[in-house]
Amino acid sequence: MEKHYNTIKDTFVIQNGIKVYNFNWCLNYIEYQGKLIYGRSFKIEVVDHQTILKLVIYAIRDEKKALELNLDLDKGILLSGPIGCGKTSIMALIRPFFYHKHDYKIKTCREISFEFAKNGFESLQNYTQKEHTQSRLTGYCFDDLGAEQNIKHYGNDLNVMAEIIISRYEDFVQNHSITHITTNLSASEIEALYGNRLRSRMRQMFNLISFSNESRDKR
């Protein structure tokens, strides 16, 4: 009888009180949810399995496997890859694997830049300041870094995402706040757009996980 992977509970079994995940079940769950959200043509290809494995290991906080894969669970994820390879959809689809305290919101960098253009510096507080009851910043995945452009607000020129990431870096150091990013940019392109100062901080903040250059455009 065919097993259905409708919920996150279908991806693991309990052994001695511990969740033990089956990666093939995880893939089936992600693909099933992807078809529901993005359409019946959604498909996870073999070339992407290693990338998704790393993301799942990170999400479920498997310390032993994370060490083997050179993943630091105290850092965020910088997910890079070719245009259209599925970075945004995968970051959305793996969210159910995260414990509640490690959950995150997804926001496009272009949207954030438009918010700055409309509302100015006050709009950045949504991403750089804590609520009174918070011990650390709300988790965010900033989607498509590099797609935004420098936008002026009443003559104020600001590299919006650089400002946000540097502010979140300070809270990462002090309070272990976690940030995730997706981008089509290479490391050298990030440095060219945002400067060496930001790139050096990003090395400390993020695990670099990449889709293969052979990963096809899935749009």
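Residues numbered from 1 in each chain as written. Predicted model: local features only at pLDDT ≥ 70, side-chain atom pairs only at ≥ 80, totals over all residues. Heavy atoms only, no water.

Per an unreviewed UniProt entry, the recorded name for the chain is ATPase, and the organism is Flavobacterium fragile.

**Here we look at the environment of Lys130**
Rule in force here: Labels follow the DSSP assignment, with helices taken as runs of H or I lasting at least four residues and strands as runs of E lasting at least two, numbered in each case from the N terminus. Working rule for contacts: check all heavy atoms of both residues, and any pair within 4.5 Å makes them a contact. Pairs of N or O atoms are called polar contacts if they sit within 3.5 Å, as long as, within protein, a hydrogen donor faces a hydrogen acceptor (for residues adjacent in sequence, only side-chain-to-side-chain pairs).
Counting through the fold element by element, Lys130 comes out in the loop between α6 (125–128) and β5 (140–145). In this structure the C-alpha to C-alpha distance between Lys130 and Thr51, which are 79 residues apart in sequence, comes to 32 Å. Dropping the residues within four chain positions of it, Lys130 is found in contact with Ser135, Arg136, Leu137, Asp171 and Asn175. Within the structure, Lys130 has its side chain in polar contact with the side chain of Asp171 (distance 2.9 Å).

**Examining the packing of aromatic side chains**
Going by this rule: Here a pair means two rings of Phe, Tyr or Trp (six-membered ring of Trp) with centres within 6.5 Å. Their orientation is stacked below 30 degrees between planes, edge-to-face above 60, and tilted elsewhere. Think of it in three bands: with a 1.4 Å probe and only protein chains considered, a residue is buried below 20% of the maximum accessible area for its type, exposed above 50%, and partly exposed in between. The rule for a charge over a ring is simple: NZ of Lys or CZ of Arg within 6 Å of the ring centre, and within 35 degrees of the ring normal.
Tallied over the entire structure, the rule returns 11 aromatic pairs. For the pair Phe98 and Tyr104, a centre-to-centre distance of 5.1 Å together with 85 degrees between the ring planes defines the contact as edge-to-face. Among the residues examined, Tyr104 registers a relative accessible area of 2% and is labelled buried. Taken together, the ring pairs in this structure connect Phe12, Tyr21, Tyr29 and Phe97 into an aromatic cluster. The positively charged end of Arg95 is found above the aromatic ring belonging to Tyr104, 5.7 Å away from the centroid.

**Some points on the sheet that holds strand β8 (residues 179–183)**
Put simply, the rule is: Only strands that DSSP links by at least two bridges are regarded as paired with each other. All axes are obtained by fitting lines to C-alpha atoms, using only the stretch in contact for helices, and the reported angles, taken between N-to-C directions, cover 0 to 180 degrees.
Strands sit in the order β4-β5-β8-β3-β9 across an open sheet of 5 strands; the sheet is parallel. Each edge of the sheet is formed by a strand with only one pairing partner; in this case those strands are β4 (105–108) and β9 (206–210). Along the sheet, successive strands turn relative to each other by an average axial angle of 20 degrees, direction set aside. Where β4 lies against β5, 4 bridges are found, and the strand directions are parallel. In the sheet register, Ile106 faces β5, and the bridge partner there is Cys141.

**Quick look at the packing of helix α1 (residues 23–38) against helix α2 (residues 49–60)**
What counts, and what does not: Orientation is classified from the angle alone, with under 35 degrees giving roughly parallel, over 145 giving roughly antiparallel, 65 to 115 giving roughly perpendicular, and any other angle giving oblique. Residue polarity follows a fixed list, in which Ala, Val, Leu, Ile, Met, Phe, Trp, Tyr, Cys and Pro are nonpolar, Asp, Glu, Lys and Arg are charged, and the others, Gly among them, are polar.
Where α1 contacts α2, the axes come no closer than 11 Å and their chain directions differ by 100 degrees. It follows from the interaxial angle that α1 and α2 lie roughly perpendicular. Between α1 and α2, the contacting residues are Phe23, Cys26, Leu27 and Ile30 on the first element and His49, Ile52, Leu53 and Val56 on the second. Across the contact of α1 with α2, the residue classes break down as 7 nonpolar, 1 polar and no charged.

**A closer look at a nonpolar patch on the surface**
The condition that has to hold: Surface patches are drawn from residues lacking salt bridges whose relative accessible area is over 30%; two like charges belong together within 9 Å, two nonpolar side chains (Val, Leu, Ile, Met, Phe, Trp, Tyr) within 5 Å. Surface exposure here means Shrake-Rupley accessible area, sampled with a 1.4 Å probe, where a residue is shielded only by the protein chains that are shown. The working definition used for a salt bridge is a side-chain nitrogen of Lys or Arg within 4 Å of a carboxyl oxygen of Asp or Glu.
On the surface, Tyr32, Leu36, Ile37 and Tyr38 cluster together into a nonpolar patch covering about 410 Å² of accessible area. Judged by relative accessible area, Leu36 falls into the exposed class, the value being 57%.

**A look at unusual backbone geometry**
A positive phi angle is found at Arg61, which is not glycine, with a value near 60 degrees. By the secondary structure assignment, Arg61 is in the loop between α2 and α3 (63–68). Overall, the relative accessible area of 25% leaves Arg61 in the partly exposed class. Here the phi dihedral of Asp144 falls at roughly 65 degrees; this positive angle occurs in a residue that is not glycine. Tracing the chain through its elements places Asp144 in strand β5.

**Things to note about helix α9 (residues 196–205)**
The following threshold applies: Arc definition: it is the arc formed by the directions from the helix axis to the C-beta atoms.
For α9, the complete set of buried residues consists of Leu198, Met202 and Met205. The buried side chains of α9 occupy one side of the element, clustering within an arc of 60 degrees when seen end-on. On its buried side, α9 packs onto β3 (76–80), β5, α7 (160–175), β8, α8 (187–194) and β9.

**Quick notes on the pairing of strand β2 (residues 18–21)**
Pairing of strand β1 (residues 12–15) with β2, which is carried by 4 bridges, proceeds in the antiparallel orientation. Of the residues in β2, the one forming a bridge with Gln15 is Ile18. Linking β1 back to β2 in an antiparallel pair, the connection comprises 2 residues, with Asn16 at a positive phi of about 55 degrees.

**Section: the environment of Asn28**
Assignment of secondary structure puts Asn28 in helix α1. Residue Asn28 is classed as partly exposed on the basis of its relative accessible area, which comes to 36%. Note: C-alpha distance between Asn28 and Asn196 (168 residues apart in sequence) is 40 Å.

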